[in-house]
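# Coordinates in review
Below are the chains, spelled out letter by letter.
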There are 2 protein chains.
Amino acid sequence: MKHLLIASTSTLHGMGYLEYLLPVLKNHFKTASTILFIPYARPGGISHDAYTAKVADAFAKIDKDVVGLHTFENPVAAIEKAEAIFTGGGNTFLLVKQLYGQHVLSPLKKVLQNGTPYLGCSAGSNITGLTMETTNDMPIVYPPSFQTLGMVPFNINPHYLDPVEGSTHMGETRETRINEFHCFNSQPVLGLREGSWLEVYGQKITLKGSLPARLFCQNQPAVELQPETDLSDLS
Amino acid sequence: MKHLLIASTSTLHGMGYLEYLLPVLKNHFKTASTILFIPYARPGGISHDAYTAKVADAFAKIDKDVVGLHTFENPVAAIEKAEAIFTGGGNTFLLVKQLYGQHVLSPLKKVLQNGTPYLGCSAGSNITGLTMETTNDMPIVYPPSFQTLGMVPFNINPHYLDPVEGSTHMGETRETRINEFHCFNSQPVLGLREGSWLEVYGQKITLKGSLPARLFCQNQPAVELQPETDLSDLS
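One structure accompanies this document, and this report is about it. Predicted model, so just to flag it, every value in this text is computed and none were measured.

### Some points on helix α2 (residues 48-60) of chain A
If you check α2 of chain A, its first and last C-alpha atoms are 18 Å apart, about what 13 residues at 1.5 Å a residue would give, namely 18 Å. Contact partners of the buried residues in α2 of chain A: α1 (22-28), β2 (34-38), β3 (65-68), β4 (85-87), α4 (92-101) and β5 (118-121) of chain A.

See below:
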């Protein structure tokens, strides 16, 4: 039975790392004393060790130990034995390249299907969708595939951003980009604003947090979904 | 002898398509009566025909005919015979996938090295760099490689955007993204603001337009370059 939280962002403006999620995580990770952390996305290029230390600081507040996947000689075995797993944000291309390079994507998919509790933030959420093709990140490295975990039967757009009123910038808005995605791909895309997350418990998918999310389905106008919306039938 | 214009954007806010560039293009394309247009990037998913018609409207103002590359049975021959070439903006992943799929990337590189006049805007500029890895676009399709034309010995970031003062959004700024690129890649990145372009005539590369551009070199602080800066020695 799946047991995932899929969060738009790790951090809300003006708050500490993971701070807004800690009360929820205490319950979500209640069966685990140690969290296996996947640091591959390396935000800002920081080291795996430095990133893991930051995560350990946050989880110490709810009495969880944290160990970095990069410290294991056999990362597949580490995934298979993990009590709980957290994949942090950063660059999705780097994360996915490394997941394939370390041959952990399939084992990760398997343990998540079998119920290992999981938290993803930003890039770590993006990879729970069918593909990483709705990431906002810069393609700084070339992954062998854009296929990801498919823990939900649609794609995630984390850090969803509404168009800026009165902007004179001619680059595409987020909505335009997602519409372009739908010219070539049929799966729905859920734009999760910062502060929103999905709870995936078994077959049930629920929108959490205080904000609406924006749902894009191919050949249909985008719609706003209110918190507590049941997304179990979306595909 | 190379003869390229590499523009950040096709369109400035409040102006018509290519309008700000037309006086420059009149001279740049003075030897050509017909421009071969590469419409593969398909902004907003519009058709190749519709995109080509829009470009033809703009070039009619300086008495140039436009023909779309998609209308040729043999696109490689069309590239080889072209009097001048323009690649329009849209989605860089889609553009690069199509360039590889149609086997025109190498022929395009060859004719540009031999002097066929070229204009790139946005995605069409991004591909003149060493790789497409500093595009801002969403990875809506999977290209077989991120390697591009290498008409300049660095990477281009079109639509360069300064951080928004007082933003509460936690997604990465453009500068952060480019710094992440430099954790894994050594070539310089030139951030071209909307309204700037590069002129590449032979070995000489010059920054044009009224705005400064922002240059990022690995392990060095970013610097602002003033218009008319000579970039011929940058690599």
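### Structural notes on the relation of the copies chain B and chain A
Take chain B, turn it by 180 degrees, move it 0.0 Å along the axis, and it overlays chain A with an RMSD of 0.0 Å. Here the symmetry operator amounts to a two-fold rotation axis. Counting the interface residues of chain B, we find that 100% of their copies in chain A are interface residues as well, pointing to one common contact surface.

### Overview of the packing of aromatic side chains
For the coordinates displayed, the defined rule picks out 20 aromatic pairs over all chains. Their ring planes at 20 degrees and their centres at 5.4 Å tell us that Tyr142 of chain A and Tyr142 of chain B sit as a pair that is stacked. One end of the pair, Tyr142 of chain A, is in the loop between α6 (123-126) and β6 (155-157); the other, Tyr142 of chain B, is in the loop between α6 (123-126) and β6 (155-157), on a second chain. Taking the relative accessible area as the measure of exposure, Tyr142 of chain A reaches 26% and is therefore partly exposed. Pairwise contacts between aromatic rings join Phe93, Tyr142 and Phe146 of chain A together with Phe93, Tyr142 and Phe146 of chain B into one cluster.

### Quick look at the pattern of salt bridges
Summed over the entire model, instances satisfying the criterion amount to 14 salt bridges over all chains. Linking Asp137 of chain A and Arg177 of chain B is a salt bridge whose minimum nitrogen-to-oxygen distance equals 3.7 Å. Remark: Arg177 of chain B occurs in helix α7 (residues 174-181) and Asp137 of chain A occurs in the loop between α6 and β6; the pair is interchain, linking two chains. The exposure classification of Asp137 of chain A matches that of Arg177 of chain B, with both residues buried. For Arg214 of chain A, the salt bridge goes to Glu224 of chain A, with nearest N and O atoms at 2.7 Å. Of the two residues, Arg214 of chain A sits in strand β10 (residues 213-216) while Glu224 of chain A sits in strand β11 (residues 223-225), which places them 10 residues apart along the sequence. Among the charged side chains, a network of salt bridges with common partners joins Asp162, Glu175, Arg193, Arg214 and Glu224 of chain A.

### Brief notes about unusual backbone geometry
Non-glycine residue Arg42 of chain A carries a positive phi angle of around 40 degrees. Note on placement: Arg42 of chain A falls in the loop between β2 and α2.

### A look at the side chain of Thr92 of chain A
Residues and elements named next belong to chain A. Along the chain, Thr92 falls in helix α4. A polar atom in the side chain of Thr92 sits 2.6 Å from the side chain of Asp137. When residues no more than four places from it in sequence are discounted, the contact partners of Thr92 are Ala123, Asn126, Ile127, Met132, Thr135 and Asp137.

### As for the sheet that holds strand β7 (residues 189-191) of chain B
All names here are of chain B. With respect to topology, 4 strands assemble into an open sheet ordered β6-β7-β10-β11, the strand pairing being mixed. Sheet topology places β6 and β11 (223-225) at the edges, where each strand pairs with a single neighbour. Mean inter-strand twist for the sheet, computed between neighbouring axes without regard to direction, equals 30 degrees. Together, β6, β7 and β10 (213-216) form the strand contacts of α7, whose direction differs from that of β10 by roughly 30 degrees.

### Some words on the interface of chain B and chain A
Contact with chain B, which involves 45 residues of that partner, is made by 46 residues of chain A. When chain B packs against chain A, the two sides together hide about 3700 Å² of surface, and 63% of this comes from carbon and sulfur. Counting every contact that joins chain B to chain A gives 2 salt bridges. Our enumeration of links across chain B and chain A arrives at 13 residue pairs in polar contact (both at pLDDT 80 or more). Those elements giving two or more residues to the side of chain B that touches chain A turn out to be α4 (92-101) and α7 of chain B. When residues of the side of chain B that touches chain A are assigned to their parent elements, the largest contribution, 5 residues, is made by α7 of chain B.

Cut-offs applied
- Residues numbered from 1 in each chain as written.
- Chains lettered and ligands numbered in written order.
- Predicted model: local features only at pLDDT ≥ 70, side-chain atom pairs only at ≥ 80, totals over all residues.
- Heavy atoms only, no water.
- Helix = DSSP H or I, 4+ residues; strand = E, 2+ residues; numbered from the N terminus.
- Expected span 1.5 Å × (residues − 1).
- Contact = heavy atoms within 4.5 Å.
- Least-squares fit on C-alpha atoms with pLDDT ≥ 70 in both.
- Phe/Tyr/Trp six-rings, centres within 6.5 Å; stacked < 30°, edge-to-face > 60°.
- Buried < 20%, exposed > 50% of the residue type's maximum accessible area, 1.4 Å probe, protein only.
- Salt bridge = Lys/Arg side-chain N within 4 Å of Asp/Glu carboxyl O.
- Polar contact = N/O pair within 3.5 Å; in protein donor to acceptor, adjacent residues only side chain to side chain.
- Pairing = 2+ DSSP bridges.
- Axes fitted to C-alpha atoms, helices over the stretch in contact; angles between N-to-C directions.
- Buried area = accessible area lost by both parts, 1.4 Å probe.

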